[in-house]
Amino acid sequence: MKEYLPYGDSPTIRSYTRWEVFEEAAKREGSAKVSGVEESREDLLPPHLWFDNLHNQKVSTFRITDNKVSIEGKDGMSFLHLKGRVEGTLLIEEKGNVSVTGELKGRGTVLHVVEGGPHYSRWNIEGDINIRTLVKGEDIYLRYETRGNIDARGVSLEGRSDINHELHVENGEVFTSHLLIGREGDFLVYRPVAKVYRGGKSHLEALLLKRGGFVVGVPSVEVYTSDVRAASHSVKDLVLSEEQLFYLRSRGFSPEEAERYLMDSLLQFLLGDLKDRVHLSARSISE
Amino acid sequence: MRTVGKVERSLVEEISRKKGEPEWMRQLRLQSLELFEKMRDPVWIKGIDEVDLDKLVLYEDVEVRADKWEELPDEIRRFYEELNLPEMEKKFLAGLSTSFDSEIVYSRAKEMLEERGVIMLPMEEAVRRYPEMVRKYFGRVFPPATHKYAALHYALWSGGVFVYVPKNVKIEFPVEAFFLISSEMFAQFEHSLIVVDEGASIHFIEGCSSPQFRKFSFHDGVVEAYVHKNAHLKFTTVQNWSRDIINFNNKRAIVEENGSVEWVEGAFGSKASFVYPSVTLQKNARARVTNFSISHQGEWKESGSKVFHLGEGSRSTVISKTISTGDGVSVYRGLLRINKGAKHAFSAISCDSLLMDEESKTFTYPHNQIEEETARVSYEATTSFLTEEQMFYMNSRGLDEDAAKAMIALGFLSDVVAELPPEYSAVFRKVLEYDFRGSVG
Amino acid sequence: MLRVEDLHAWIEGKEIVKGVDLEVNKREIVVVTGPNGSGKSTLARTIMGDPKVEVKEGSIIFKGEDITDLPPEERFERGIFLTFQVPPEFEGVKIGEFLMKVKGREDLETLKELKEIFRRVGLKEEFLFRELHRGLSGGERKRLELAQALFLGKDMIILDEIDSGVDIESVEMMISILKDLKKRAGILYITHNPLTLKLLEDERIIRMKEGRVVENGR
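Residues numbered from 1 in each chain as written. Chains lettered and ligands numbered in written order. Predicted model: local features only at pLDDT ≥ 70, side-chain atom pairs only at ≥ 80, totals over all residues. Heavy atoms only, no water.

**Some details on the overall build of chain C**
For step 1, the next point in the chain: Check the secondary structure of chain C and you find seven helices and 10 strands.
For step 2, the next point in the chain: Pairs at least 24 residues apart make up 68% of the contacts formed inside chain C by residues separated by at least 6 positions.
For step 3, the next point in the chain: Carbon and sulfur atoms make up 46% of the accessible area of chain C, which amounts to about 9,800 Å² in all. (Helix = DSSP H or I, 4+ residues; strand = E, 2+ residues; numbered from the N terminus. Contact = heavy atoms within 4.5 Å. Areas by Shrake-Rupley, 256 points an atom, 1.4 Å probe, with all protein chains shown as cover.)

See the structure below:
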């Protein structure tokens, strides 16, 4: 089966080609390759996690404690390659001028926070994994390539970010739901592509909350056989419809309470434990 | 996709000279040729590997491929025999004859249109007789610089129809261009321009669901439509060309304040088809795009729509229904763009694809770019499958596999069929049945 | 308990309810039936305070108080509950959490009560973790609405076509739940299901047509 390039370069569809920049930068610095490990820092890590660090890492702050990885890049771009098994919950925080490539396998939850920028990260994730992604910052390019049963949810806000997610599903199930909250000056893109093979099931969803800015939701699906369980995708405006509002009011919510409750529930649904990192003023939610 | 071969400048000049065109049209052709040479091949086109201009572009006037009824491919001949049409209609539909006349209904329709001031002419004639009017719109709705093959089209265009509906003239019956304009509709690079003036309305039908034969195997046509304030245009195309044709069809409408346009696009035939009827909407303008296609074994059919909301209160609805059989591929490629300032614009897009066989495939690439925060968008896509359960249900009610598939396909397309005029939906049914009985895979 | 007096309700410039009088007492079932478009649903939604509805004439009195101008959340506070004919979907809202929040109690006892109610209406326990009305079949949505009626314990319960499109066993289940609800609440039951009308033939049946009551009484 040939590899199909889903995005157009026809003049009416401007697509991101910033990955070229990343590839060039990576080639220049020469450190995004997956090369041999100089030393593994297993002594700092719980037994089920081990990470390769690239020899010439230029990371300013790099801490690993329990199930948490925090990376902050300051001068120039810092490259890091991580590889490991997920069991339980793993929190990965990327801040500032960082490029992280990662390979994760296992069962569990990955909480992924990407802040600041410029930022180019590429993750290969395989297994029975929940991903919860929070993206906020400038010039963030995040790419996931996943296989297996993946439940990926998240929120993008504040800045300029582009999330590409290629989900390969066969005899399993994938689900994504991502909320883009755009305000004046923001440019947010969410691009999942589900490649559905035999026995697969997929549902991709982009939710748009627009308060200005430019917001692009492009869920695409490639179904390679009719022998799949289900394939659907949708893009929706997050708007409290009159009917939804009446429903909640007839169950005791005032209009303001209804808005706040829905936003709260949705953020809980999309971010889980990362929910508290999102501070939305009442003004940014209501119309 | 690669383009090989060359189109000589002298050839383009010759075309223009032969048609007796005004200078501005000649210049447009030459500039478009230059554009074509400069522009890149579209890299996102899969489904065809190569377009060899030397082989595929025909410069002689359109002729028919077969001279005798017996020379037609079996499946086309058999189909018409089954349909039981009058001899002349059969020959015409099958592409054996380039003209069709003397059916009383159709000449009366022609008279009626003339009485009401509707201009309907072959495009070349319109360029000669109404140069100012044509010049106002030609190449403005769908500019040659849009993509490489639009540029090629403008260099080589020939045939097509020009329609002008005067202010406030409302034509109640669907106008079937196919019968009224005959040979002009069969060209490889045909260019049609429909202008509906303020308050007027017309439903224009192009094509026919019965299988058709064409001399060319590469088609690159353009339909431009300009709908003035408060006017309405419905443009229906049903294409069932023979299975070796590559079809690029470029359609776009600009709709002014309070106007509305409906594109109904059906693709049964051809080997590879890339058609995305498009609309640009001004204030309070409305658009409805209904797409359906069937992709059989070895085929690649792309459909979709590009909708640009510029004006406030603009509304669009896009419905796409595709069926894949054998290892056919159905692709939905759509763009929805809502510009800042298009306050309270609304768009609802729904795509459904039905996969009949194990190797059938469908790819969906929607692209939503929303810049206006008061705009409301909903987009939904689902994929359905022919399940063993459904087949068993049909079998246990006496339908064999092909009849069952036809029934299920018809059900799947039922709201699309509702958009077609009644005589079309009857033929449509028959075509679907025939399709499944005759198809491989 | 609930008294509707000469109610005229308009939606989008059209009069849908054209002068309806109605009374529902505690521990009573009042059945409202009639053809599609007769205004039954609009009547129900007007009593609940649907903002889309404009009451141009008449009044709604509940427990002695004129609630005609009260917003829906306050009518709920005072004891009115409406099941929705076509409930809307809510992304990200978990059913179990939502119901306990609406009830105002989130302890283990309450959760047990809710699970028991789910079992009674025929909803699997896993539904507690699904999103509110998302991806539920028509029948499942009706059951969820009915579960809320049972769970929230309001004095005045309006059931809007809770039995349309469901099978016979489900109708019988619903009627038995209805009889239980009757023990402590007043019920306004909107339906056009013939089986229901048969099973409730001993109750007060009101027939509506084109926005008016044409038959009122036993």
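Following the structure, the description resumes.
**Here's the deal with the overall build of chain B**
For step 1, the next point in the chain: Each helix and strand counted, chain B has 14 helices and 20 strands in total.
For step 2, the next point in the chain: Within chain B, the proportion of its 441 residues that are buried is 62%.
For step 3, the next point in the chain: The long-range share in chain B, meaning contacts at least 24 apart out of those at least 6 apart in sequence, stands at 85%.
For step 4, the next point in the chain: Carbon and sulfur atoms form 49% of the exposed surface of chain B, whose accessible area is close to 17,000 Å². (Buried < 20%, exposed > 50% of the residue type's maximum accessible area, 1.4 Å probe, protein only.)

**Concerning the pattern of salt bridges**
For step 1, the next point in the chain: Overall, the coordinates contain 58 salt bridges over all chains when judged by the stated rule.
For step 2, the next point in the chain: One network of salt bridges, with partners in common, ties together A:Arg122, A:Arg143, A:Glu145 and A:Glu166. (Salt bridge = Lys/Arg side-chain N within 4 Å of Asp/Glu carboxyl O.)

**Topic: helix H9 (residues 148–156) of chain B**
For step 1, the next point in the chain: For H9(B), the tally of buried residues reaches nine of nine residues, placing the bulk of the element in the interior.
For step 2, the next point in the chain: What H9(B) keeps buried is the set B:Lys148, B:Tyr149, B:Ala150, B:Ala151, B:Leu152, B:His153, B:Tyr154, B:Ala155 and B:Leu156.

**Re the packing of helix H2 (residues 23–38) of chain B against H9(B)**
Residue and element names in this part refer to chain B.
For step 1, the next point in the chain: In the contact formed by H2 and H9, the axes pass within 7 Å of each other and the chain directions differ by 150°. Taken together, the axis directions place H2 and H9 in an arrangement best described as roughly antiparallel. Regarding H2 and H9, the two cross each other, and that crossing is left-handed. Counted together, Leu28, Arg29, Ser32, Leu33, Leu35, Phe36 and Glu37 of H2 and Lys148, Ala151, Leu152, Tyr154, Ala155 and Leu156 of H9 form the full contact between these two elements.
For step 2, the next point in the chain: For the contact of H2 with H9, the residue count by class is nine nonpolar, one polar and three charged. (Axes fitted to C-alpha atoms, helices over the stretch in contact; angles between N-to-C directions. Parallel < 35°, antiparallel > 145°, perpendicular 65-115°, else oblique. Left-handed = near helix turned anticlockwise from the far one by under 90°. Nonpolar A, V, L, I, M, F, W, Y, C, P; charged D, E, K, R; others polar.)

**Some words on the interface of chain C and chain A**
For step 1, the next point in the chain: Counting residues at the interface gives 33 residues for chain C, matched by 22 residues for chain A.
For step 2, the next point in the chain: Carbon and sulfur atoms supply 62% of the area buried between chain C and chain A, which totals about 2,400 Å² over both sides.
For step 3, the next point in the chain: Among the residues of chain C in contact with chain A, C:Glu73, C:Phe90 and C:Glu91 are the three that bury the most area, contributing 25% of the side total.
For step 4, the next point in the chain: For the interface between chain C and chain A, the tally reads five salt bridges.
For step 5, the next point in the chain: Between C:Glu91 and A:Lys236 there is a salt bridge whose closest N-O contact spans 2.9 Å.
For step 6, the next point in the chain: Mapped by element, the contributors of at least two residues to the side of chain C that touches chain A are helix H1 (40–48), helix H2 (72–78), strand E6 (80–83), helix H3 (95–103) and helix H5 (138–152) of chain C. (Buried area = accessible area lost by both parts, 1.4 Å probe.)

**Side note on the nonpolar core**
For step 1, the next point in the chain: Within the largest apolar cluster, 85 residues are counted, with the highest numbers of intra-cluster contacts made by A:Trp123, B:Val163, B:Trp263 and B:Val279.
For step 2, the next point in the chain: Apart from residues no more than four positions distant in its own chain, A:Trp123 is found in contact with A:Leu82, A:Ile92, A:Glu94, A:Val100, A:Gly102, A:Glu103, A:Leu104, A:His112, A:Leu142, A:Arg143, A:Tyr144 and A:Glu145.
For step 3, the next point in the chain: Listed in part, the 79 residues of the second largest apolar core include C:Ile29, C:Val32, C:Leu181 and C:Ile187. (Core = buried A, V, L, I, M, F, W, Y, C linked by side-chain atoms within 4.5 Å.)

**Brief notes about H3(C)**
For step 1, the next point in the chain: C:Ile95, C:Gly96, C:Phe98, C:Leu99, C:Met100 and C:Val102 are the residues of H3(C) that are buried.
For step 2, the next point in the chain: Of the surrounding secondary structure, the elements contacted by the buried residues of H3(C) are helix H2 (242–249) and helix H3 (255–271) of chain A together with H2, helix H4 (108–121) and H5 of chain C.
For step 3, the next point in the chain: Looking at the residues trailing H3(C), positive phi occurs at C:Gly104, about 90°.

**Digging into a negative patch on the surface**
For step 1, the next point in the chain: Taken together, the side chains of C:Glu97, C:Glu106, C:Asp107 and C:Glu109 present a region of like negative charge at the surface.
For step 2, the next point in the chain: By secondary structure assignment, the location of C:Glu97 is in helix H3. (Patch = residues over 30% accessible without salt bridge, like charges linked within 9 Å, V, L, I, M, F, W, Y side chains within 5 Å. Lys, Arg positive; Asp, Glu negative; His and termini not counted. Charge placed at Lys NZ, Arg CZ, Asp CG, Glu CD.)

**Some points on unusual backbone geometry**
For step 1, the next point in the chain: If you check the backbone angles, A:Glu158 has positive phi at about 55° while not being a glycine.
For step 2, the next point in the chain: Within the secondary structure, A:Glu158 sits in strand E3 (residues 119–169).
For step 3, the next point in the chain: Note on A:Glu158: relative accessible area 33%, which makes it partly exposed.
For step 4, the next point in the chain: Residue B:Asn258 is not a glycine yet carries a positive backbone phi of 70°.
For step 5, the next point in the chain: Structurally, B:Asn258 can be placed in the loop between strand E10 (246–255) and strand E11 (260–267).
For step 6, the next point in the chain: Taking relative accessible area as the criterion, B:Asn258 reaches 37% and is therefore assigned partly exposed.

**Points about the sheet that holds strand E5 (residues 65–66) of chain C**
For step 1, the next point in the chain: Overall, antiparallel pairing links the four strands, which are arranged E2-E1-E4-E5 (chain C) in an open sheet. The sheet terminates laterally at strand E2 (14–24) and E5 of chain C, the two strands that pair on one side only. (Pairing = 2+ DSSP bridges.)

**Considerations on the pairing of strand E12 (residues 272–275) of chain B**
All names here are of chain B.
For step 1, the next point in the chain: Residues Ala272 and Phe274 point to one face of E12 and Ser273 and Val275 to the other, with burial holding for every one of them.
For step 2, the next point in the chain: Where E10 and E12 come together, four bridges link them in parallel fashion. Looking at E12, one finds that Ile246 is bridged to Ala272.

**Thoughts on the interface of chain B and chain A**
For step 1, the next point in the chain: Chain B puts 43 residues into the contact, and the matching count from chain A is 47 residues.
For step 2, the next point in the chain: For the pairing of chain B and chain A, the buried interface totals around 3,700 Å² over both sides, and the portion due to carbon and sulfur atoms is 54%.
For step 3, the next point in the chain: Taken together, chain B and chain A are joined by one salt bridge.
For step 4, the next point in the chain: Notably, a salt bridge pairs A:Arg198 with B:Glu358, separated by 2.5 Å at the nearest N-O pair.
For step 5, the next point in the chain: Seen at the junction of chain B and chain A, the total is 15 residue pairs in polar contact (both at pLDDT 80 or more). (Polar contact = N/O pair within 3.5 Å; in protein donor to acceptor, adjacent residues only side chain to side chain.)

**Considerations on the packing of aromatic side chains**
Aromatic ring pairs are defined here through the distance separating the ring centres and the angle between the ring planes.
Residue and element names in this part refer to chain B.
For step 1, the next point in the chain: Taken as a whole, this structure holds 26 aromatic pairs over all chains when the rule is applied.
For step 2, the next point in the chain: Between Tyr149 and Phe248, the ring centres sit 5.2 Å apart and the planes meet at 80°, which makes this aromatic pair edge-to-face. Note that Tyr149 is positioned in helix H9 and Phe248 in strand E10, a separation of 99 residues in sequence. There is no split in this pair, since Tyr149 and Phe248 are both buried.
For step 3, the next point in the chain: An angle of 75° between the planes, with centres 6.4 Å apart, marks the rings of Phe189 and Phe218 as edge-to-face. Residue Phe189 is located in the loop between helix H10 (177–181) and strand E6 (191–196), and its partner Phe218 is located in strand E8 (residues 218–227); the two are separated by 29 residues in the primary sequence. (Phe/Tyr/Trp six-rings, centres within 6.5 Å; stacked < 30°, edge-to-face > 60°.)

**A short note on the confidence of the model for chain B**
All names here are of chain B.
For step 1, the next point in the chain: A residue-level look at chain B finds 82% of positions with pLDDT of 70 or above and a mean pLDDT of 82.
For step 2, the next point in the chain: Within the model, pLDDT remains below 50 along residues 61–67, and this stretch shows 17 contacts once partners closer than five positions in the same chain are excluded.
For step 3, the next point in the chain: Across residues 95–104, where pLDDT falls below 50, the model places 27 contacts with residues more than four positions away in sequence or in other chains. (pLDDT = per-residue confidence, 0-100.)

**Side note on the packing of H5(C) against helix H6 (residues 168–182) of chain C**
Residues and elements named next belong to chain C.
For step 1, the next point in the chain: It is at 11 Å that the axes of H5 and H6 come closest, and there the two elements cross at 15°. On the basis of the axis angle, H5 is roughly parallel to H6. Here H5 runs over H6; the crossing is left-handed. Listed contacts from H6 to Lys142, Arg143, Leu146, Ala149 and Leu150 of H5 are Ser170, Met173, Met174, Ile177 and Leu181.
For step 2, the next point in the chain: Looking at the contact of H5 with H6 residue by residue, the class counts come to seven nonpolar, one polar and two charged.

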